[in-house]
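The primary structure of each chain is shown beneath.
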Amino acid sequence: MAQDTGSGVYLGFDFSTQQIKVIAVNEDSKVLHEAAVKFDTDLPEFKTQGGAHIHDDKVTVTAPTLMWVKALDLLLDQVKTSGFDFSKVLAISGAGQQHGSVYWKTGAQNTLRQLDPVKPLHQQLQDSFSVADSPIWMDASTTTQCQQLETAVGGPMRLAEITGARGFERYTGNQIMKISQTQPDAYSKTERISLVSSFAATLFCGDYAPIDYSDGSGMNLLDIVNKSWSQECLKACGENLAEKLGEPVPSTLLWYVGKISKYFVDRYGFSPACQVVAFTGDNPASLAGLAPREGDAIVSLGTSDTVFLWLNEQKAGLEGHIFVNPIDPMDYMALVCFKNGSLTRERIQKECASGSWNTFSSCLTSTPMGNNGNIGIYFDTTEIQPLAMGTSRFNSNGEKVESFSPEVEVRAVLESQFLARRMYAELRGMSVGPQTRVLATGGASSNKAILQVLSDVFNAPVYVTDVPNSAALGGCYRAKHGVTGMNFSEVVKGHPEPVCVATPTKGSAEIYQRLSERYKALEQQM
Ligand code: XUL
């Protein structure tokens, strides 16, 4: 383990769906240490699969809250055994899987304030939760509650205007409403409700840590313009909810939620001066971990594709999600997720390019931008926006056709995927153009021919940035940002600069402007 003795150290935690991860960096953003505890394999007694329990109805998905506590015990013991010097840590922060909720039973605050450093946390907190199984982001059981909330505030668009999103099943307000309706006793015995992020910060503070604006935006409860709970939404979701949630706070910017609790000082050797900066959601933390500049668009090309945008102004809408920006609370970030990403690209690569990415790339270089007017839409699984499934192919006259040649099919899948990413990013407020840096991450970002199509469709330069564990790293950067108050660009000064790998080909703007209009019309027909 490379322990840097001279300068200060920042820790970033990621309480994600399948594991808890920690990264330590020094003042130059150099990674000094990493460790992780995986729920399924390191804590088999909780019998989770992928860190979750999928219930018999298939739509209810929870995780045992105590498992997360026990995982933190294991993780810190492991880091201590490795010889890591916790006394150098100036500040910590971190991330949690978004939307999940934790229900602290009346009396838990007292327990948190009096933790005994001789015993592990899970032994002392086993009776502290009024609901033992936390609903998590994979839960889709709250359609009725979403409808009730939308109706209460005046419809889905109105809910999106207030909270940054229409009613989504996984959003915490709807989950809380379900608990208040189906487990009224447990709800009334709850003194505090945390998100996974603020729950993690609570453990470190030994007292209730507030919810930050950015992760709080994933609840259908926060008024993202006024940065306060929406009274109408609170009223619809549960009695005395404001009290149970506490006041939300900015994500960073010289804001820390408390000092590390005596428990961690005595048990692990943290300095009593170590600060805890508000934890946030994993997606906002990932944005910070990629060290973006204002205005950047991040396109993550993975199993599912996700577009993150740093926005100065947001546009409410029914697709995608707007969060308060985790780096600058006056700005916003948009997130739009597409289910058909790498798996669809891989299927076409197998069927049309004999399973070879080199052949796939040759197909791209041998076909012109705009694919001679051929467009294909490939939704192997039900897409999120639009809610549609199936494959459709259209020739340059807009007529439906049964098949394309392999080269045309390869270009068609990428062009339509990137046209969709661009269209929904524009709907959420991105003004695409040569001034926008598109930062590509994820598996497919290693293929230059693919990134050239991305650059042409977005009419913007594409940079690659390979940052494994961006959410945990974002925790380190946010910890430093929170306690030093430096400009974010200074905070991330040692972060590897993204490399420009593709610039728009001459003529791409006109071609894809036309194609984008056609794509929009064809998608509507699906
Ligand atoms: C975002 C979402 C997921 C979780 C996964 O809205 O639900 O990305 O944050 O950890």
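What counts as what
- Residues numbered from 1 in each chain as written.
- Predicted model: local features only at pLDDT ≥ 70, side-chain atom pairs only at ≥ 80, totals over all residues.
- Heavy atoms only, no water.
- Axes fitted to C-alpha atoms, helices over the stretch in contact; angles between N-to-C directions.
- Helix = DSSP H or I, 4+ residues; strand = E, 2+ residues; numbered from the N terminus.
- Parallel < 35°, antiparallel > 145°, perpendicular 65-115°, else oblique.
- Contact = heavy atoms within 4.5 Å.
- Nonpolar A, V, L, I, M, F, W, Y, C, P; charged D, E, K, R; others polar.
- Pairing = 2+ DSSP bridges.
- Near = heavy atom within 4 Å.
- Polar contact = N/O pair within 3.5 Å; in protein donor to acceptor, adjacent residues only side chain to side chain.
- Expected span 1.5 Å × (residues − 1).
- Buried < 20%, exposed > 50% of the residue type's maximum accessible area, 1.4 Å probe, protein only.
- pLDDT = per-residue confidence, 0-100.
- Phe/Tyr/Trp six-rings, centres within 6.5 Å; stacked < 30°, edge-to-face > 60°.
- Lys NZ or Arg CZ within 6 Å of the ring centre and 35° of its normal.

Q: What exactly am I supposed to notice about the packing of helix H16 (residues 357-365) against helix H17 (residues 406-427) here?
A: The relative placement of two packed helices is expressed as an angle between their axes plus a distance between the axes. Running from N to C, H16 and H17 point in directions that differ by 85 degrees, and their axes come no closer than 8 Å. One way to sum up the angle between H16 and H17 is to call them roughly perpendicular. On the side of H16, the interface is formed by Phe360, Cys363 and Leu364, while H17 contributes Glu407, Val410, Arg411 and Leu414. Each residue belonging to the contact of H16 with H17 can be placed in one class, and the counts come to five nonpolar, no polar and two charged.

Q: It is not clear to me how the sheet that holds strand E4 (residues 53-54) should be interpreted in this structure. Could you clarify?
A: Hydrogen bonds between backbone atoms are what pair the strands of a sheet, whose relative direction is either parallel or antiparallel. Read across the open sheet, the three strands follow the order E4-E5-E8; overall the sheet is antiparallel. Two strands bound the open sheet, and with one partner strand each, they are E4 and strand E8 (133-135). Bridge count between E4 and strand E5 (residues 61-64): two bridges; the pairing is antiparallel. From the neighbouring strand, Ile54 faces E5, where its bridge partner is Val61. The sheet contacts of helix H2 (residues 65-81) involve E5 and E8, and relative to E5 the element is tilted by about 45 degrees.

Q: I'm lost on the sheet that holds strand E23 (residues 462-464) in this one. Help?
A: In space, the seven strands of this open sheet follow the order E17-E18-E16-E15-E22-E23-E24, with mixed pairing throughout. For this open sheet the edge positions go to strand E17 (321-324) and strand E24 (499-502), each flanked by a neighbour on one side alone. Strand-to-strand twist in this sheet, taken as the mean axis angle between neighbours without regard to direction, amounts to 30 degrees. Relative to strand E22 (residues 438-441), strand E15 (residues 297-301) runs parallel, the two being bridged by four bridges. Residue pairing in the sheet places Val299 in a bridge with Ala440 of E22. With respect to the sheet, helix H18 (residues 448-458) is in contact with E15, E22, E23 and E24, its orientation differing from that of E24 by roughly 85 degrees.

Q: Sorry if this is basic, but what is going on with the site of the ligand here?
A: The environment of the ligand is formed by Thr17, Gln97, Gln98, His99, Trp137, Arg170, Asp282 and Asn283. One nitrogen or oxygen atom from the main chain of Gln98 is found 3.1 Å from an oxygen atom belonging to the ligand. Contact between the ligand and Asn283: an oxygen atom at 3.0 Å from a side-chain N or O atom of the residue. Taken together, the residues of the shell around the ligand sort by class into one nonpolar, five polar and two charged.

Q: How should I be thinking about H2 in this particular structure?
A: The periodicity of an α-helix, 3.6 residues per turn, causes residues three or four positions apart to be oriented the same way. Here H2 contains 17 residues, and its C-alpha end-to-end distance of 25 Å stays within 8% of the 24 Å for a straight helix at 1.5 Å per residue. Residues Thr65, Met67, Trp68, Val69, Ala71, Leu72, Asp73, Leu75, Leu76 and Val79 constitute the buried set of H2.

Q: How do you make sense of the confidence of the model for the protein when you look at a structure like this?
A: Low pLDDT means the predicted coordinates in that region are not meant to be read closely. Counting all residues, the mean pLDDT for the protein is 94, and 98% of those residues have values of 70 or more. In this model residues 1-5 is a low-confidence stretch, pLDDT under 50, and it forms 13 contacts with partners more than four residues away in sequence or in other chains.

Q: Explanation requested: the packing of aromatic side chains in the structure shown.
A: By convention here, two paired aromatic rings are described through the distance between centres and the angle between planes. Taken as a whole, this structure holds 18 aromatic pairs when the rule is applied. For the pair Phe86 and Phe270, a centre-to-centre distance of 4.7 Å together with 40 degrees between the ring planes defines the contact as tilted. Residue Phe86 is found in the loop between H2 and strand E6 (89-96), and its partner Phe270 is found in the loop between helix H13 (262-268) and strand E13 (275-277); the two are separated by 184 residues along the sequence. As far as burial versus exposure is concerned, Phe86 and Phe270 are alike and both buried. Of note, Arg166 hangs over the ring of Phe168, and the distance from its end group to the ring centre comes to 4.1 Å. The ring of Phe338 has Arg421 sitting right over it, with the charged end atom 4.1 Å from the ring centre.

Q: Honestly, the packing of helix H5 (residues 143-153) against helix H6 (residues 156-163) in this entry has me stumped. Any pointers?
A: It is the contact of H5 with H6, at a shortest axis distance of 7 Å, that shows an interaxial angle of 85 degrees. Taken together, the axes of H5 and H6 are roughly perpendicular relative to one another. Residue-level inspection shows Leu149, Glu150 and Val153 of H5 in contact with H6, the latter providing Pro156, Arg158, Leu159 and Ile162. When its residues are assigned to classes, the contact of H5 with H6 shows five nonpolar, no polar and two charged.

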